[in-house]
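Notes for the structure review
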Amino acid sequence: MHTGRMFRRDAQTFLIHLFGRGLEDDRYVIERYRSLANGEIRPVGAEQPKAKGRRGQRRTIATLSAVKKLRPERDEIIVCTGVKLARSGVQIWGLAASGLDAARHAR
């Protein structure tokens, strides 16, 4: 079933979930995930080719001001975990990834 409206890729509505102490750290590790139509959630980095050599993927580090400006795409989940305060951070869910726009009584 398709609706008659076209959606833009960037989310106009998103869900923010603070965990632990919230945004109390100065720097955060950024992880991005993509929510698929079948309900699977996959890391965005998994689609990129692996780096050669022994070294694994580098972590993406961002400042507090950059984390506050992050906006997910409709099907994206962004997880920001504090570097020094490991049990602090934020999860930002796009509209489609959060399931807020799902049809509740679909047959």
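Above this note sits the structure.
Residues numbered from 1 in each chain as written. Predicted model: local features only at pLDDT ≥ 70, side-chain atom pairs only at ≥ 80, totals over all residues. Heavy atoms only, no water.

This part takes up the overall build of the chain. Each helix and strand counted, the chain has two helices and six strands in total. Sequence-distant contacts in the chain: of pairs separated by 6 or more residues, those separated by 24 or more amount to 69%. Total accessible area computed for the chain in this model is approximately 8,500 Å², and 51% of it derives from carbon and sulfur atoms. (Helix = DSSP H or I, 4+ residues; strand = E, 2+ residues; numbered from the N terminus. Contact = heavy atoms within 4.5 Å. Areas by Shrake-Rupley, 256 points an atom, 1.4 Å probe, with all protein chains shown as cover.)

What follows deals with the pattern of salt bridges. Taken as a whole and judged by the stated rule, the model has four salt bridges. Close ionic contact of R32 with E76 constitutes a salt bridge, the shortest N to O distance being 2.9 Å. Here E76 lies in strand β5 (residues 76-82) and R32 lies in strand β2 (residues 27-35), a separation of 44 residues in the sequence. On the accessibility criterion, R32 (34% relative accessible area) is partly exposed. Between R34 and E73 there is a salt bridge, with the nearest N and O atoms lying 3.0 Å from each other. Of this pair, R34 sits in strand β2 while E73 sits in the loop between α1 (64-68) and β5, and the two are 39 residues apart along the sequence. Exposure remark for R34: the relative accessible area of 15% places this residue in the buried category. (Salt bridge = Lys/Arg side-chain N within 4 Å of Asp/Glu carboxyl O. Buried < 20%, exposed > 50% of the residue type's maximum accessible area, 1.4 Å probe, protein only.)

It is worth spelling out the side chain of E76 at this point. Residue class for E76 comes out buried when judged on its relative accessible area of 4%. Of the polar contacts made by the side chain of E76, one reaches the side chain of R32; its length is 2.9 Å. Here the side chain of E76 touches E73 through a polar contact of 3.0 Å, landing on its backbone nitrogen. If we ignore the near neighbours within four places in the chain, the residues touching E76 are R32, Y33, R34, I92, W93, G94 and A97. (Polar contact = N/O pair within 3.5 Å; in protein donor to acceptor, adjacent residues only side chain to side chain.)

Tracing the backbone shows S98 in helix α2 (residues 95-98). Under the relative-accessibility criterion, S98 is labelled partly exposed at 23%. Remark: the alpha-carbon pair of S98 and S35, spanning 63 residues in sequence, is separated by 8.9 Å. Setting aside anything within four residues of it in sequence, one finds S98 in contact with L15 and W93.

A few words on the environment of G39. Among the secondary structure elements, G39 is positioned in the loop between β2 and β3 (41-43). By relative accessible area, which is 55% here, G39 ends up exposed. In this structure, the C-alpha to C-alpha distance between G39 and G99, residues 60 residues apart in sequence, is 9.6 Å.

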